[in-house]
Amino acid sequence: VQLQASGGGLVQPGGSLRLSCAASGFTLDYYAIGWFRQAPGKEREGVSCISSSDGSTYYADSVKGRFTISRDNAKNTVYLQMNSLKPEDTAVYYCATGLRYLCGSSWSIPYEYDYWGQGTLVTVSS
């Protein structure tokens, strides 16, 4: 089971980025996939999650209305579209899975996930 996050970079405040999480070694559409981020000196926090069975989505309050999670099963990839980016969104972003079908109420807790991608850095700065 491997996950690879990509798509990070430097963007100005108000800009957009789309992160990708590509899976290998398993069929991604069978499982819930979460996105997390970790800023320097801060704990890792849950950003969003998408379930497999019903496609339900979850978002942290800090990103609701700005970020959208989606999946492309044909490409075995989950995306995180990030719009209206703010400096406080600066962090390393990770995708992860616990090989569960649903995100559930504990979707934002890092220890619920067993497999992690390597992270991609997002920097929001003018």
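### Observations regarding the pairing of strand 7 (residues 67-72)
Because side chains alternate across strand 7, one face comprises the buried residues Phe67, Ile69 and Arg71, and the other comprises Thr68, Ser70 and Asp72, none of which is buried. Where strand 7 lies against strand 8 (residues 77-82), 6 bridges are found, and the strand directions are antiparallel. The residue of strand 8 that forms the bridge with aspartate 72 is threonine 77. Between strand 7 and the antiparallel strand that follows it, strand 8, lie 4 residues; asparagine 76 among them carries a positive phi value of about 55°.

### Notes on the sheet that holds strand 8
Spatially, 1-3-8-7 is the arrangement adopted by the 4 strands of the open sheet, whose pairing is antiparallel. A single partner strand is all that each edge strand has here, and the edge strands are strand 1 (2-6) and strand 7. Going from strand to strand, the sheet's axes swing by 15° on average, the running direction of each strand aside.

### Structural notes on the environment of valine 124
The topology assignment puts valine 124 in strand 11 (residues 120-124). Look at valine 124 and you get buried, because its relative accessible area is 4%.

### Considering the environment of lysine 64
Summarising the element assignment, lysine 64 is placed in the loop between strand 6 (57-59) and strand 7. Residues lysine 64 and leucine 10 lie 54 residues apart in sequence; the distance between their C-alpha atoms is 21 Å. Side chain to side chain, lysine 64 and aspartate 61 meet in a polar contact 3.2 Å long.

### A closer look at the pattern of salt bridges
Following the criterion strictly, the structure yields 4 salt bridges and no others. Of the charged contacts in the structure, one is a salt bridge between aspartate 89 and arginine 37, with a shortest N-O distance of 2.9 Å. Of this pair, aspartate 89 sits in the loop between strand 8 and strand 9 (91-97) while arginine 37 is found in strand 4 (residues 33-38), placing the two residues 52 residues apart along the sequence. An identical accessibility class is assigned to aspartate 89 and arginine 37; each is buried. Notably, a salt bridge pairs aspartate 89 with arginine 66, separated by 2.7 Å at the nearest N-O pair.

### Here's the deal with the packing of aromatic side chains
In the structure shown here, the tally under the stated rule is 8 aromatic pairs. Judged by centre distance (6.0 Å) and plane angle (50°), the rings of phenylalanine 26 and tyrosine 31 are tilted. Tyrosine 31 matches phenylalanine 26 in its accessibility class, with the two residues each being buried. Here phenylalanine 36 and tryptophan 116 contribute two aromatic rings whose centre-to-centre distance is 5.0 Å and whose plane-to-plane angle is 55°, an arrangement assigned as tilted.

Rules of the game
- Residues numbered from 1 in each chain as written.
- Predicted model: local features only at pLDDT ≥ 70, side-chain atom pairs only at ≥ 80, totals over all residues.
- Heavy atoms only, no water.
- Buried < 20%, exposed > 50% of the residue type's maximum accessible area, 1.4 Å probe, protein only.
- Helix = DSSP H or I, 4+ residues; strand = E, 2+ residues; numbered from the N terminus.
- Pairing = 2+ DSSP bridges.
- Axes fitted to C-alpha atoms, helices over the stretch in contact; angles between N-to-C directions.
- Polar contact = N/O pair within 3.5 Å; in protein donor to acceptor, adjacent residues only side chain to side chain.
- Salt bridge = Lys/Arg side-chain N within 4 Å of Asp/Glu carboxyl O.
- Phe/Tyr/Trp six-rings, centres within 6.5 Å; stacked < 30°, edge-to-face > 60°.

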